[in-house]
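The chain contents come next:
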There are 2 protein chains.
Amino acid sequence: MKIGDIARAAGVTTSRIRFYERRGIIAPAARGANGYRDYPADLIAILRFIEQAQGLGFSLKEIASVEVAGGAHPISCDEAIRLLSRKLDSVAALIAEAEGRKRRIEALIAELRERRQDAA
Amino acid sequence: MKIGDIARAAGVTTSRIRFYERRGIIAPAARGANGYRDYPADLIAILRFIEQAQGLGFSLKEIASVEVAGGAHPISCDEAIRLLSRKLDSVAALIAEAEGRKRRIEALIAELRERRQDAA
DNA sequence: ATAGGCTTTGAACCTAGGTTGAAGGTCAAG
DNA sequence: CTTGACCTTCAACCTAGGTTCAAAGCCTAT
């Protein structure tokens, strides 16, 4: 499949696919006689996987390391659980931090409301 | 006060102060005969305010707009409440999104654990 | 044969919030 | 008068994840 076909099928831009290839997130494509990239249809699923992983909070660097590991031998179930657990921790930390901010903002608003009451 | 004095007092780098000036987050400094920046001590409090606001999740752009408004007439209590409320909403949205990610990750982990059980 | 739609490459641009470095001017102490 | 600690400017660099552009080549239909 040509890059445009893959892009349409996966719902991503062609420039993004080339970008992924440059960055080593996906394997370099085979080339036709005219120099055009020629991708296996499997790439569509891989691109969807990347989007999913991004949606869970994985960076392209993290995704790339899994993909590279997948090149030699696919990632084990245990390994996947380990990666997901670590990400779970970092997401939990993010939530905790955001909740701290939320509480501080709420406290400030309450304080300002009171001050407004005092002035009235 | 010279830029280094301000920087030490506020706990920021001098390059950061110059950067803020370039970006219009703080007012351009008066200059001494030698060309050195000469800041009023008030800047220390302003720099601390900026750090606080950043800690609450405000971007420099947002902070700048408040500061600019503060140049003409200081921000009103009502206005502050309005800005904080909007930020509260966006922080709440961030938390909701992160919690969604957290749940999806947890679901995936559970699924993988089960699959591992089946294999055993 | 030519128009339009695809592809190629490389390089520059974008946001955010700075940091780092080079090349030079200034000031106070010893 | 020299050393060291300041200060000045401008410009480039950094992460992250791409997008956009320019100049060129290729392919298919009319």
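To be clear, the structure that these remarks concern was listed above.
Throughout this description, residue numbers start from 1 for each chain and increase along the sequence as written. Chain letters start at A and ligand numbers start at 1, both assigned in the order the entries are written. Per-residue local features are limited, in this predicted model, to residues with pLDDT of at least 70; the limit for side-chain atom pairs, both in listing and counting, is 80 or more; totals at the level of whole chains, interfaces and linings are taken over all residues.

Caption draft 1: Structural detail: the nonpolar core. Core membership is restricted to buried Ala, Val, Leu, Ile, Met, Phe, Trp, Tyr and Cys residues, and these are joined into a nonpolar core through C-beta atoms within 7 Å. Counting other C-beta atoms within 10 Å of each residue's C-beta, where C-beta atoms are placed from the backbone, gives the exposure class: buried for 20 or more, exposed for 12 or fewer, partly exposed between. One finds Ile6, Ile25, Ile26, Leu43, Ile46 and Ile50 of chain A to be the most contacted residues of the largest nonpolar core, which totals 13 residues. Helix and strand labels come from DSSP, where a helix needs a run of H or I of at least four residues and a strand needs a run of E of at least two; each type is numbered from the N terminus. Elements that contribute at least two residues to this core include exactly helix 1 (3-10), helix 2 (14-23) and helix 3 (42-55) of chain A. Looking at this core, the element that brings in the most residues is helix 3 of chain A, giving four residues. Note on contacts: residues are paired as contacts if their backbone-placed C-beta atoms lie within 7 Å. Ignoring any residue separated from it by four or fewer positions in sequence, one finds isoleucine 50 of chain A in contact with Ile25 and Ile63 of chain A. Core analysis: the next-biggest nonpolar cluster, separate from the first, contains twelve residues, Ile6, Tyr20, Leu47 and Ile50 of chain B among them.

Caption draft 2: Structural detail: the protein's contact with DNA strand C. Close to DNA strand C lie 17 residues; Gly4 and Arg37 of chain A together with Ser15, Asn34 and Leu60 of chain B are nearest. Contributing elements (two or more residues each) for the surface near DNA strand C: helix 1 and helix 2 of chain A together with helix 2 (14-23) and helix 4 (60-72) of chain B. Throughout, the ten residues Ala, Val, Leu, Ile, Met, Phe, Trp, Tyr, Cys and Pro are labelled nonpolar, Asp, Glu, Lys and Arg are labelled charged, and all others, Gly among them, are labelled polar. Tallied by class, residues from the surface near DNA strand C come to four nonpolar, eight polar and five charged. Nearness here has a simple definition: the residue's C-beta atom, placed using the backbone, must lie within 6 Å of the molecule or strand.

Caption draft 3: Region of the structure containing the protein's contact with DNA strand D. In the neighbourhood of DNA strand D, 17 residues make up the surrounding shell, with Ser15, Ser59 and Leu60 of chain A together with Gly4 and Arg37 of chain B lying closest. Listing elements by their share of the surface near DNA strand D, those giving two or more residues are helix 2 and helix 4 (60-72) of chain A together with helix 1 (3-10) and helix 2 of chain B. When residues in the surface near DNA strand D are grouped by element, the largest group, three residues, is from helix 2 of chain A. In terms of residue class, the surface near DNA strand D is built from four nonpolar, eight polar and five charged.

Caption draft 4: Main features of the relation of the copies chain A and chain B. Rotating chain A by 180 degrees about the axis while translating it 0.0 Å along that axis superimposes it on chain B, leaving an RMSD of 0.1 Å. Expressed as a symmetry operation, the mapping of one chain copy onto the other fits a two-fold axis. Within chain A, the C-alpha atom positioned nearest to the axis of rotation is that of isoleucine 95 of chain A, 3.0 Å from it. Taken together, the interface assignments show that 100% of the residues at the interface of chain A recur at the interface of chain B, consistent with an identical surface on both copies. A least-squares superposition brings the copies together, and it is based on the C-alpha atoms of residues with pLDDT no lower than 70 in both.

Caption draft 5: Structural view of the interface of chain A and chain B. Taken together, the contact between chain A and chain B spans 26 residues of the former and 26 residues of the latter. Here the residues of the side of chain A that touches chain B sort into 15 nonpolar, two polar and nine charged.

Caption draft 6: Seen up close, the environment of alanine 41 of chain B. Tracing the backbone shows alanine 41 of chain B in the loop between strand 2 (37-38) and helix 3 (42-55). In this structure, the C-alpha to C-alpha distance between alanine 41 of chain B and lysine 2 of chain B, residues 39 residues apart in sequence, is 9.7 Å.

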